[in-house]
Amino acid sequence: MNGTIRVGNLFGIPFYIHPSWFLVLGLVTWSYSSGLAAQFPQLSAGLALLLGLMSALMLFASVVAHELGHSFVAIRQGIDVKSITLFIFGGLASLEKESKTPGEAFWVAIAGPIVSLLLCGIVTAIGFTTAASSPLTAILGVLASVNLALALFNLIPGLPLDGGNILKALVWKITGNPYKGVTFASRVGQIFGWVAVLSGILPLLLFGSFGNFWNLLVGFFLLQNAGNAAQFARVQEKLTGLTAEDAVTHDSPIVSANLTLREFADERVVSGQNWRRFLVTDREGQLVGEIAVDNLRTIPTALWSETQIKDVMRSITEFTTIQSDQPLLEVMQLLEQQKLSVLAVIRDNGVLVGI
């Protein structure tokens, strides 16, 4: 998520906060401090504000615990958790990859709501042991209610919510196709998104008063993310069964190490090709280095006809190589994770296929 601020690690997981979180923190603090001040007039304004801030931080700690529930189950399945981020709509655990089976996907999805329900039960039990009508009792009551709401809201069966991931796992189990699960759960998520949007707009259209603004925000959040999930699932399904070799660029920038610089300039540079860097292969077609067009400037033109590419080429530094039979979906993940734009594709015998 762009613009996030890293604030440390949680059990080895990078922890980030989006700037929008601070706005919500301020609003929640003000709302709860005002409620406590009204419920307990004996509280000073400063103490009420402090208790409101503590309540807000405990609520967000509950959100973090919810995301840690997902994360710990994913880690037990061998899935790396790239980060946990707090933002305006709560929290997000970013996983390296999907679970391998629908059963494993189900447990990753359900873990967060289970943690929230457990917290609700624990806080409720603690509340019964405290003095009646005290600020602490009120705070615990809010904390229990929010954890219950967090669990129930996330169990709505539509992506990107946990309930959507549970639904995805169930459809995956029934159909045997994970992408059908994503598509179906995304459609359900979009339905709930439209319901939320309409609940925020209809009061304005029917009664002239603006509806629930939060419903409107949540609705647009569901619509956007559910739509993105469905689109990505369609792309993944189309790429299933394809390999890196299937995606090699036609006429990739490859030159022989035995070419002279004059031949290289005439055949590759002057011919109008737009490539600025070329991969260099030996007589067997194996990758041995790279050469950039700018490298020609380091050699006097009078020497181009007697200087071969292998005399001026550089070792491979920026190109990452992948096997030609590697699944294209894995290649996409590699490009995204390492923020690469080009990969060199080679066969088992080291022969370069292209980029």
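Remember, it's a predicted structure, so these values are computed and weren't measured experimentally.

**Quick notes on the nonpolar core**
In a soluble, globular protein the nonpolar side chains are often hidden away together inside. Residues Phe15, Trp21, Phe60, Ile84 and Leu86 are the most contacted members of the largest nonpolar core, which totals 26 residues. Only strand S2 (13-17), helix H1 (19-39), helix H2 (45-76), strand S3 (81-87), helix H3 (102-129) and helix H4 (135-154) provide two or more residues apiece to this core. The element that contributes the greatest number of residues to this core is H2, accounting for 7 residues. Those residues in contact with Phe15 that lie beyond four places of it in its chain are Ile5, Arg6, Val7, Gly8, Asn9, Leu10, Val64, Ile84 and Leu86. Counting residues in each nonpolar core, the second largest holds 15 residues, with Leu259, Leu261, Leu296 and Val312 among its members.

**Re a nonpolar patch on the surface**
There is a patch of nonpolar side chains on the surface, built from Leu47, Leu50, Leu53, Met54, Leu57 and Met58 and spanning about 480 Å² of accessible area. Mapped onto the secondary structure, Leu47 falls in helix H2.

**Quick look at the sheet that holds strand S1 (residues 5-10)**
Across the sheet, 4 strands lie side by side as S1-S2-S3-S4; this open sheet has mixed pairing. Each end of this open sheet is capped by a strand with a single partner; those strands are S1 and strand S4 (90-95). Strand-to-strand twist in this sheet, taken as the mean axis angle between neighbours without regard to direction, amounts to 25°. By the bridge criterion, 5 bridges tie S1 to S2 in an arrangement that is antiparallel. Each bridged residue has a counterpart across the sheet, and for Gly8 the counterpart in S2 is Phe15.

Procedures and definitions
- Residues numbered from 1 in each chain as written.
- Predicted model: local features only at pLDDT ≥ 70, side-chain atom pairs only at ≥ 80, totals over all residues.
- Heavy atoms only, no water.
- Core = buried A, V, L, I, M, F, W, Y, C linked by side-chain atoms within 4.5 Å.
- Buried < 20%, exposed > 50% of the residue type's maximum accessible area, 1.4 Å probe, protein only.
- Helix = DSSP H or I, 4+ residues; strand = E, 2+ residues; numbered from the N terminus.
- Contact = heavy atoms within 4.5 Å.
- Patch = residues over 30% accessible without salt bridge, like charges linked within 9 Å, V, L, I, M, F, W, Y side chains within 5 Å.
- Areas by Shrake-Rupley, 256 points an atom, 1.4 Å probe, with all protein chains shown as cover.
- Salt bridge = Lys/Arg side-chain N within 4 Å of Asp/Glu carboxyl O.
- Pairing = 2+ DSSP bridges.
- Axes fitted to C-alpha atoms, helices over the stretch in contact; angles between N-to-C directions.

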